[in-house]
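# Structural overview
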Amino acid sequence: MENLSFSIYDLEYFLLILTRMSCFVFVAPFFSMKNTPAMVRIGISFFTSMLLYQALTPAEAVAYDTLIEYSIIVMKEAVVGLLIGFAANICTSIVNFAGHIADMEVGLTMVTLMDPTTQQNSSITGILYQYVVMLLMIATGMYRYLFGAMADTYKLIPINKAVFSTESLLNSMLTFLSDYVIIGFRMILPVFCTILLLNAVLGILAKVAPQLNMFSVGIQFKVLTGLSVLFFTAGMLPGVADFVFREMKKMIISFVEGMT
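Now for a look at the structure at hand. (Residues numbered from 1 in each chain as written. Predicted model: local features only at pLDDT ≥ 70, side-chain atom pairs only at ≥ 80, totals over all residues. Heavy atoms only, no water.)

## Quick look at unusual backbone geometry
Applied cut-off: Helix and strand definitions follow DSSP, with helices as H or I runs of at least four residues and strands as E runs of at least two, each counted in order from the N terminus. Whether a residue is buried, partly exposed or exposed follows from its accessible area with a 1.4 Å probe, protein chains only, as a fraction of its type maximum: under 20%, in between, or over 50%, in that order.
Within the chain, Phe30 stands out as a residue other than glycine whose phi angle is a positive 75°. By secondary structure assignment, the location of Phe30 is in the loop between α1 (8-25) and α2 (38-55). For Phe30, a relative accessible area of 28% corresponds to the partly exposed category.

See below:
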C-alpha cells in the first residue's frame, strides 16, 4: 500500500507552490477571462501545483521563524505569480489598441460592444482581434508555453529566493510601451494606409466636384472600404497573433530576469 503521509514542512512548501501558480492562472491570458469558471481555474492551479510538487520536493524546509515571516514568503510568491501572469496578459491589450485605431480610421469609433471576457466596452475590431488571438493561442499550443515557462520559474526563481529589481522591471515596462505602439500600428497598417489613400482621393474629388457633399459620401466610403480591407486581410491574422506571442515570450523572460 502506498504511503501518502507528509510532514508539515511538505505542506507549507506545497502551499507556496500553489500560491504562485494560482496567482498566475488568475491573471494569465485566456484563463483570466470572466467567462472562465472559477472552479476550473482552481482545479488547474491545484492539480498543476501537485505535479510541480512531485518534481520540486525540497531537500530542506523553508526557513522562517515566525508567522509573519511565513506570510511575507507567501506574499512574495503571490507577487511572482502575479507579475509573470501580468507580463503575459498585458500583451493581449495590444490587439484592443490596434482595433481602436482601426475603428477610428474607418469611422466606427462610436460603435462599441460589451466584451463578455472583460465586462467592458470595446471596439468591434478589437473584439475580433482578441477572439482570434485567443483562438490561435489554443490552436497553436501557446498555453502550453505559458505553463512550461511558469514551471521553469521554480528553477530560475526557487521558493523564497525571489529578488525584485525595480529598475529592471521598470525598464521592461518602458520597453513594452514602445513595442505596444509599434506592434499595434503594424497590425492595422493595411487599414491605415487604405483609408489614408481614400482621404487623399476624396480630397481631390472635393476640389474637382465641389457641388458633391464629400462629408456624407466619405463616411460611407470609409466604412465600406474599411470593412472590405478587414475582410481581405483576414488571412494576415495568424501573423498578427504571432506578433503578440513573440512579445508575450519577450515580456515573460524580461520579468523573470527582473526577479532573479
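## Re the pattern of salt bridges
Where charged atoms from two side chains of opposite charge come close, those side chains can pair. Stated precisely, the cut-off is as follows: Any carboxyl oxygen of Asp or Glu that lies within 4 Å of a side-chain nitrogen of Lys or Arg is treated as forming a salt bridge with it.
Considering all chains together, one arrives at 3 salt bridges under this definition. Residue Arg20 pairs with Glu77 through a salt bridge whose shortest N-O separation is 2.6 Å. Of this pair, Arg20 sits in helix α1 while Glu77 sits in helix α3 (residues 67-89), and the two are 57 residues apart along the sequence. Note on accessibility: Arg20 and Glu77 belong to one class, buried. With a closest N to O distance of 2.9 Å, Asp179 and Lys250 form a salt bridge. A residue pair is termed long-range when its members are at least 10 positions apart, and Asp179 in helix α7 (residues 166-187) and Lys250 in helix α10 (residues 237-257) qualify at 71 residues. Classification of Asp179 as buried rests on a relative accessible area of 15%.

## A short note on the side chain of Thr233
Condition: In protein, a polar contact requires one atom able to donate a hydrogen and another able to accept it; more generally it is a pair of N or O atoms within 3.5 Å, and residues adjacent in sequence count only if both atoms are side-chain atoms.
Of note, Thr233 is situated in the loop between α9 (214-232) and α10. Here the side chain of Thr233 touches Val229 through a polar contact of 2.6 Å, landing on its backbone oxygen.

## Some words on α1
Each turn of an α-helix holds 3.6 residues, which means side chains three or four residues apart point in the same direction. Quick reminder of the rule: Helices are assigned an expected span. That span is 1.5 Å times one less than the residue count. Residues count as neighbours in contact if any of their non-hydrogen atoms are within 4.5 Å of one another.
The end-to-end C-alpha distance of α1 is 25 Å, a good match for the 26 Å that 18 residues give at a rise of 1.5 Å each. For α1, the complete set of buried residues consists of Glu12, Tyr13, Phe14, Leu16, Ile17, Leu18, Thr19, Arg20, Met21, Cys23, Phe24 and Val25. Elements that come into contact with the buried residues of α1 comprise α2, α3 and α6 (142-156).

## Looking at the nonpolar core
The line we're drawing: As used here, the term nonpolar core means buried Ala, Val, Leu, Ile, Met, Phe, Trp, Tyr and Cys residues forming a set that is joined through side-chain atoms within 4.5 Å.
In terms of nonpolar packing, the biggest core is built from 71 residues, with Met248 and Ile252 touching the most fellow members. In contact with Met248, other than residues within four places in its own chain, are Pro29, Ala88, Cys91, Thr92, Met137, Met142 and Leu146.

## So, a nonpolar patch on the surface
To keep it simple, the criterion reads: Each patch is built from residues lacking any salt bridge and having more than 30% relative accessible area; the joining distance is 9 Å for like charges and 5 Å for nonpolar side chains (Val, Leu, Ile, Met, Phe, Trp, Tyr). Values of accessible area rely on a 1.4 Å probe in the Shrake-Rupley scheme; residue burial ignores everything except the protein chains shown.
Where nonpolar side chains cluster on the molecular surface, the patch consists of Ile8, Tyr9, Leu11 and Leu15 and spans about 360 Å² of accessible area. On the secondary structure map, Leu15 appears in helix α1.

## So, the packing of aromatic side chains
Which entries qualify depends on this criterion: Centres within 6.5 Å are what make two rings of Phe, Tyr or Trp a pair, Trp counting through its six-membered ring; a difference in plane orientation under 30 degrees is then read as stacked, over 60 as edge-to-face, and the rest as tilted. In this scheme, the term charge over a ring applies when either NZ of a lysine or CZ of an arginine sits within 6 Å of the ring centre and within 35 degrees of the ring normal.
Per the counting criterion, the structure on display carries 11 aromatic pairs. When the ring of Phe31 is compared with that of Phe147, the centres are 5.2 Å apart and the planes differ by 85°; the resulting orientation is edge-to-face. Of this pair, Phe31 sits in the loop between α1 and α2 while Phe147 sits in helix α6, placing them 116 residues apart in sequence. In terms of burial, Phe31 and Phe147 fall into one category: buried. The interplanar angle of 80° and the centroid separation of 5.5 Å between the aromatic rings of Phe46 and Phe47 together place this pair among those described as edge-to-face. Phe46 gets classed as partly exposed once you look at its relative accessible area, which sits at 33%. Ring-pair connections join several aromatic residues into one group, and the members of that group are Phe97, Phe176, Tyr180, Phe185 and Phe192. Positioned above the aromatic ring of Tyr154 is the side chain of Arg20, whose terminal nitrogen or guanidinium carbon lies 4.4 Å from the ring centre. The aromatic ring of Tyr145 is capped on one face by Lys249, whose charged end is 5.0 Å from the ring centroid.

Keep in mind these numbers describe shape, not what the thing actually does.
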